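Architecture and fold: a report
One-letter residues, chain by chain:
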2 protein chains.
Amino acid sequence: MSQEAIAQGDNAGREASNSRPLRADAQRSEDALLEAALAVFATSGVDAPVREIAEKAGVGIGTLYRRFPQRSDLIVAVFRQQVDACADAAPILAAEYEPSEALARWMQRYADFIVTKRGLAKSLHSGDPAFSTLPDYFNQRLQPALRGLLETAAEAGEVRTDIEPYDLLRAIANLCMSAKDDRTDYARRMISLLVDGLRYGASPQVNTPS
Amino acid sequence: MSQEAIAQGDNAGREASNSRPLRADAQRSEDALLEAALAVFATSGVDAPVREIAEKAGVGIGTLYRRFPQRSDLIVAVFRQQVDACADAAPILAAEYEPSEALARWMQRYADFIVTKRGLAKSLHSGDPAFSTLPDYFNQRLQPALRGLLETAAEAGEVRTDIEPYDLLRAIANLCMSAKDDRTDYARRMISLLVDGLRYGASPQVNTPS
DNA sequence: CTGACAAACGGAACATCGTTCCACATAATA
DNA sequence: TATTATGTGGAACGATGTTCCGTTTGTCAG
């Protein structure tokens, strides 16, 4: 459903106008590969064989390696795509809901991302230089996204103003660390608690009855 | 040099009197494999291929797999061997030096172990069930070793008494975490600082001039 | 519309792993 | 010394990441 937006996001973020704009079938292959990789990583983990991904994408191995010369390139691409999707969700939610509700929904969205990508996180901290740029990308995309939501909500007097985006991102990530297996509702409850905490110290000019 | 003691320690700790005491050539092979694995892991990391280890040990691959049915078994054996060697060093140092000096030397010894085995630590926290017993083994061997040194030094009034072995082990490990590459002297200096800290709060019945 | 060609495709083939298997060698024992 | 359980070596297997190259196909000038 949100796949188109994701694919666009990746294509745009890849390399600013890189000579030529990819042939039609090539673009199709890339999209299919990213979608398949996302699904396979979710079920079989990041160590899943590349052939499985190529098969699921309905594409030959040669095509996969043409698009992603190394296995790690695919992992990186999927990760960045997911980060982009999460970051892009912020302005969309901001346009659709009132400030604090948009903030709350985005934080849940972000928590889902963290829980799903715990497998990737392992590779990420494995010291492999192929992943060295991902932490920076993570912060540079997600921090402004959250900051925008926080500031909007703060200006509306719906949440307190003494919280830094970076700290909040880390707090949520840490909360999700102990959410094993299918106990995803634990994470949800803890995030709700965090949001309530943000609301508690809101500007006194607006009152939030019970 | 200390290889014999290590081999003995491993053989003794493996499985209390496991039916028969291994044939002579088999014992030779096992020792050679552990020694080779230790060296190869140090140079090529824990991901080094088994064939490289077998070759360095001067044995066939079949022999390696007879002694260590899985690759992880070799890693575990090397790790335990190193832990044993580190733990066994405690009473030896205690017999050779006065209490606080023995403690200081052992802590340096332990720090060297941590720095050298950072590669192993990665595998250790990878979630692979093959390594699940290692953390416990780590604590059960090292904690009493350090406790003995600490208590002896405390009884001699040379160090303070309000430090738990577990905390000290973790503190040293954390200090060594940021000691990258060849900056091992950084770790040494920090450990010295810790030892001085221990001495600082020593029992007042003994004074330590300048 | 059509030909030509760069681009993309598919998958066989290669290199390298961990692991298994078994014919042969050898240490322990009587 | 003869017997036998035990150990050894390395070819072979299956799975993996990656490369190579003959074939197909989108694209675009004419």
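For every chain, the first residue of the written sequence is number 1, and numbering continues from 1 along that sequence. For this description, chains carry letters from A and ligands carry numbers from 1, given in the order in which they are written. Whole-chain, interface and lining totals are the exception, using all residues; otherwise, since this is a predicted model, local features are given only for residues with pLDDT of at least 70 and side-chain atom pairs are given and counted only at 80 or more. Derived side-chain values reflect all non-hydrogen atoms in the structure, with water molecules and hydrogen atoms excluded from consideration.

**Quick look at the overall build of chain A**
To qualify as a helix, a DSSP run of H or I must reach at least 4 residues; to qualify as a strand, a run of E must reach at least 2; elements of each kind are numbered from the N terminus. Tallying secondary structure elements over chain A gives ten helices and zero strands in all. Each helix (α) and strand (β) of chain A, taken in turn from the N terminus, gives the series α-α-α-α-α-α-α-α-α-α. By the burial criterion, 40% of the 210 residues in chain A qualify as buried. It only takes one pair of heavy atoms within 4.5 Å for two residues to be counted as in contact. Within chain A, residue pairs in contact and separated by at least 24 positions form 68% of the contacts whose partners lie at least 6 positions apart. As presented, chain A carries roughly 12200 Å² of accessible surface, and 51% of it is formed by carbon and sulfur atoms. For every residue, the accessible area (1.4 Å probe, protein chains only) is compared with the maximum for its type, and the residue is labelled buried under 20%, exposed over 50%, or partly exposed between those bounds. To be clear on the numbers: accessible area is Shrake-Rupley with a 1.4 Å probe, and residue cover counts the displayed protein chains and nothing else.

**Remarks on the packing of aromatic side chains**
Residue and element names in this part refer to chain A. Two rings belonging to Phe, Tyr or Trp (six-membered ring only in the last case) form a pair when the distance between their centres is within 6.5 Å. Interplanar angles under 30 degrees mark stacking, angles over 60 mark edge-to-face geometry, and anything in between is tilted. For the structure shown, the criterion picks out ten aromatic pairs over all chains. Ring centres 6.1 Å apart and planes at 55° place the aromatic pair F79 and F113 in the tilted group. Of this pair, F79 sits in helix α5 (residues 71-96) while F113 sits in helix α6 (residues 99-116), and the two are 34 residues apart along the sequence. Taken individually, F79 and F113 each receive the classification buried, so the pair is uniform in this respect.

**A word on the protein's contact with DNA strand C**
One heavy atom within 4 Å of a molecule or strand makes the whole residue count as near it. Near DNA strand C there are 26 residues, and of these S29, G62 and T63 of chain A together with R51 and Y65 of chain B occur at the shortest range. By atom count, sugar and phosphate contribute 59% of the portion of DNA strand C lying within 4 Å of the protein. Each polar contact in these results corresponds to two N or O atoms within 3.5 Å; when the atoms are within protein, one needs to be able to donate a hydrogen and the other to accept it, and residues that are neighboring in sequence are counted only if both atoms are side-chain atoms. Here a base oxygen of DNA strand C sits 3.3 Å away from a polar atom, N or O, in the side chain of R23 of chain B. Residue contributions to the surface near DNA strand C peak at five residues, all from helix α4 (residues 61-67) of chain A. All residues other than Ala, Val, Leu, Ile, Met, Phe, Trp, Tyr, Cys, Pro, Asp, Glu, Lys and Arg, Gly among them, are scored as polar; the first ten of these are nonpolar and the last four charged. Here the surface near DNA strand C is composed, by residue class, of ten nonpolar, six polar and ten charged.

**Some remarks on helix α5 (residues 71-96) of chain B**
The terminal C-alpha atoms of α5 of chain B lie 38 Å apart, and with 26 residues this matches the ideal 38 Å at 1.5 Å per residue to within 8%. At every residue, the bend is computed as the angle between two fitted axes, covering the seven residues ending there and the seven beginning there respectively. The largest bend along α5 of chain B reaches roughly 25° and is located at A90 of chain B, with the proline P91 of chain B sitting one to four residues downstream. By this rule, a helix spans an expected 1.5 Å times one less than how many residues it contains.

**Comments concerning the environment of L33 of chain A**
Residues and elements named next belong to chain A. Take L33: it is sitting in helix α2 (residues 24-44). The spacing of L33 and I53 is 20 residues in sequence and 6.9 Å in space, taken between C-alpha atoms. Other than its neighbours up to four places away in sequence, L33 contacts I53, A54, A57, T63, L64, R67, F68 and L74.

**A few points about the side chain of S100 of chain B**
All names here are of chain B. Assignment of secondary structure puts S100 in helix α6 (residues 99-116). For S100, a relative accessible area of 10% gives the class buried. Of the polar contacts made by the side chain of S100, one reaches the side chain of R199; its length is 3.4 Å. Ignoring any residue separated from it by four or fewer positions in sequence, one finds S100 in contact with A153, E158 and R199.

**Remarks on the packing of α5 of chain B against α6 of chain B**
All names here are of chain B. Each axis is a line fitted through C-alpha atoms, and for a helix only the stretch in contact is used; angles between axes span 0 to 180 degrees, taken between their N-to-C directions. Running from N to C, α5 and α6 cross one another at 170°; their axes reach a closest spacing of 9 Å. In terms of orientation, α5 lies roughly antiparallel with respect to α6. Side by side, α5 and α6 meet where F79, Q82, V83, A85, C86, A89, A90, L93 and A94 of the first sit next to A102, R105, W106, R109, Y110 and F113 of the second. The residue inventory of the contact of α5 with α6, partitioned by class, reads twelve nonpolar, one polar and two charged. Note that the term roughly parallel is reserved for angles under 35 degrees, roughly antiparallel for angles over 145, roughly perpendicular for angles of 65 to 115, and oblique for everything else.

**So, the protein's contact with DNA strand D**
Surrounding DNA strand D, one finds 25 residues, the nearest of these being R20, R23, S29, G62 and R66 of chain B. Sugar and phosphate atoms form 59% of the subset of DNA strand D atoms that lie within 4 Å of the protein. R23 of chain A is positioned such that a nitrogen or oxygen atom in its side chain is 3.4 Å from a base oxygen of DNA strand D. R51 of chain A is positioned with one of its side-chain polar atoms (N or O) 2.7 Å from a base oxygen of DNA strand D. Of all the elements in the fold, those that place two or more residues in the surface near DNA strand D are α2, α3 (50-57) and α4 of chain A together with α2 (24-44) and α4 (61-67) of chain B. The greatest single-element share of the surface near DNA strand D, amounting to five residues, is contributed by α4 of chain B. Classifying every residue of the surface near DNA strand D gives ten nonpolar, five polar and ten charged.

**What about the pattern of salt bridges?**
Residue and element names in this part refer to chain A. Salt bridges are identified by distance alone: a Lys or Arg side-chain nitrogen within 4 Å of an Asp or Glu carboxyl oxygen. Counted under the stated rule, the structure contains 18 salt bridges over all chains. A salt bridge links D25 to R23; the nearest nitrogen and oxygen atoms lie 2.9 Å apart. Exposure remark for D25: the relative accessible area of 29% places this residue in the partly exposed category. Judged by its relative accessible area of 62%, R23 is exposed.

**Considering the environment of M190 of chain B**
Turning to its location among the elements, M190 of chain B is positioned in helix α10 (residues 184-200). Each C-alpha atom, one on M190 of chain B and one on A111 of chain B, is 10.0 Å from the other, the two residues being 79 residues apart in sequence.

**Some thoughts on the side chain of K117 of chain A**
Residue placement: K117 of chain A occurs in the loop between α6 and α7 (118-124). For K117 of chain A, the residues in contact, after removing those within four places along its chain, are L38 and Q82 of chain A.

**Points about the confidence of the model for chain A**
Residues and elements named next belong to chain A. Considering every residue of chain A, the mean pLDDT works out to 84; 83% of them sit at 70 or more. Taken element by element, chain A is modelled with least confidence in helix α1 (residues 3-14), mean pLDDT 38, and with most confidence in α4, mean pLDDT 98. Here residues 1-17 is modelled with pLDDT under 50, and outside its nearest four sequence neighbours on either side it reaches 14 contacts, counting other chains as well. The predictor attaches a confidence to each residue, and that confidence, scored 0 to 100, is pLDDT.

**Thoughts on unusual backbone geometry**
Non-glycine residue L22 of chain A carries a positive phi angle of around 60°. As for its placement among the helices and strands, L22 of chain A is situated in the loop between α1 and α2.

**Considering the packing of α2 of chain B against helix α3 (residues 50-57) of chain B**
Packed helix pairs are specified by the crossing angle of their axes together with the interaxial distance, meaning the distance between the axes. Residue and element names in this part refer to chain B. Where α2 contacts α3, the axes come no closer than 8 Å and their chain directions differ by 125°. The pairing of α2 with α3 is recorded here as oblique in orientation. As α2 runs across α3, the sense of the crossing is right-handed. Taking contact as the criterion, the partners of A32, L33, A36, A37, A39, V40, F41 and S44 in α2 are, on α3, E52, I53, A54, K56 and A57. Class assignment for the residues of the contact of α2 with α3 results in ten nonpolar, one polar and two charged. By convention the crossing between two helices is left-handed if the near helix lies anticlockwise of the far one by an angle smaller than a right angle, and right-handed if it lies clockwise.

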